[in-house]
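What follows is the residue order along each chain.
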Amino acid sequence: MQWAAAISENPDSAKAVAECARVVAEGKSGPPDIVFMFPSPHHREEYEGLPELLYKSIGQKHLIGCSGGGIIGAGREVERKAALSLVAGWLPGVDIRPFYVTQETMPNPDASPRAWREWLGVAEPKPDFLILSDPFSLDPEEFVQGLDYAFPQSVKIGGLASGGSEPEANAVFIDRRSYKRGAVGAAFSGDVAIDPIVTQGCRPIGLPMQVTDCDKNIIVELDGKRTLKVLEELLRGLEEDDKKLARNSLFIGLLGDPMKKPATGGGDYLIRNLIGIDPEKGVLAIGAIVRPGQTVQFHLRDRKASAADIDSRLTRYALATKSASAALLFTCLGRGQGLYRKPNHDSDVFKAKVGPIPLGGIFCNGEIGPVDGTTFLHGYTSCFGIFRPAKAA
């Protein structure tokens, strides 16, 4: 297994492709089995021709990619400027099954796992998936729920294309084609594994509580008390800095398994937005469906919490795994310099903890990754998909 990554800030699409292709192919024998390509919207006029440009330069067997409002490549994060990045892999013993899908052809959510597998054309029972979707033309949550149903033991990682603010302004790439709608991806099986790292960048406040009354996404009671009363008591007990932060950066974490002990530091919580309160009824609406008995905990998100979270998760991963070969990073458009006030934060932490392995990706309109074994669409998150040989730890 060999990997290489490159990035070019040349606004000329042909020159950017040629520069990156030259770097990733240096010293390699034969065309790569897979290339991931991520161009910024500065290359929008050439989206349609980029796959063929790349094929002529490097002759890849498969291509998967999408546009991004910010581009990550060779361990650097380029925001608000022209950029194009490649991550190329030579993967003996690995089966790669690319796919292109649309909302119109997606199976019914109640369809059988077999129907979902046949729709994708993937028969392998436990592949790992990379998923890149246009945010306007396909429901990514419905898509990943279907994949979880059909492939419950598989990892699914990826993100939503960005850089365009209206339908058909983004692009997804597969092999030698470019599309303005739908989603692309690849199923990987054989001697390869994708390790997911999902860093939601929050820290818990207060104590874990149980939902004792709810209605769909409305939490009526926590630990037998009206939710708004519980929240008011919690906020009154915070330090002044956290009170100020809570005005704009208060979230709620949901523990998926009510029988599981609450995670230390928010590790297994799914972070979701607060979307409304009813002062008269004392209830809280959130961006997720809840159920009685579910454990929840309020969280705050800020620069320090995000930095501590990614540092902790990558440190634990590096201690447990020594065979990481390459990685893709899908991070929120709201992170980067806007959050950390300096460039390359997440890439630098990754390099320091995991090592200087090839890294590429994009700043997304939404990130796809698992929490506690279930795949979700996230916001404000960094999701890493780390490639390694399946037979190595």
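The structure this text deals with has already been given above.
For the structure given in this document, a descriptive report is provided here. (Residues numbered from 1 in each chain as written. Predicted model: local features only at pLDDT ≥ 70, side-chain atom pairs only at ≥ 80, totals over all residues. Heavy atoms only, no water.)

**Remarks on the environment of I96**
Residue placement: I96 occurs in strand β7 (residues 94–101). By relative accessible area, which is 9% here, I96 ends up buried. (Helix = DSSP H or I, 4+ residues; strand = E, 2+ residues; numbered from the N terminus. Buried < 20%, exposed > 50% of the residue type's maximum accessible area, 1.4 Å probe, protein only.)

**Observations regarding the packing of aromatic side chains**
By the definition in use, this model includes 15 aromatic pairs. Ring geometry for F38 versus F330: centroids 6.3 Å apart, planes at 80°, classification edge-to-face. Linking F38 in strand β2 (residues 34–39) with F330 in strand β22 (residues 326–332), this pair joins segments that are 292 residues apart in sequence. Residue F38 shares its accessibility class with F330, and that shared class is buried. Ring geometry for Y47 against F173: centres 6.1 Å apart, planes inclined by 75°, an arrangement best described as edge-to-face. Of this pair, Y47 sits in the loop between β2 and α2 (50–58) while F173 is found in strand β10 (residues 172–174), placing the two residues 126 residues apart along the sequence. Each member of the pair, Y47 as well as F173, is classed as buried. Ring-pair connections join several aromatic residues into one group, and the members of that group are F99, W116, W119, F129, F143 and F151. Lying across the ring of Y55, R176 places its NZ or CZ 3.8 Å from the centre. Its guanidinium or amino end placed over the ring of F251, R301 lies 4.3 Å from that ring's centre, counting from NZ or CZ. (Phe/Tyr/Trp six-rings, centres within 6.5 Å; stacked < 30°, edge-to-face > 60°. Lys NZ or Arg CZ within 6 Å of the ring centre and 35° of its normal.)

**So, the side chain of T331**
Turning to its location among the elements, T331 is positioned in strand β22. Excluding its chain neighbours within four sequence positions, the residues that come into contact with T331 are I72, D346, I362, F363, C364, E367, T381 and S382. (Contact = heavy atoms within 4.5 Å.)

**A short note on the packing of helix α7 (residues 303–320) against helix α9 (residues 345–353)**
Running from N to C, α7 and α9 point in directions that differ by 25°, and their axes come no closer than 9 Å. As summarised for this structure, α7 and α9 are arranged roughly parallel, according to the angle between their axes. Relative to α9, α7 is oriented so that their crossing is right-handed. Where α7 approaches α9, its residues A307, I310, D311, L314, T315 and A318 are matched on the opposing element by H345, D346, V349, F350 and K353. (Axes fitted to C-alpha atoms, helices over the stretch in contact; angles between N-to-C directions. Parallel < 35°, antiparallel > 145°, perpendicular 65-115°, else oblique. Left-handed = near helix turned anticlockwise from the far one by under 90°.)

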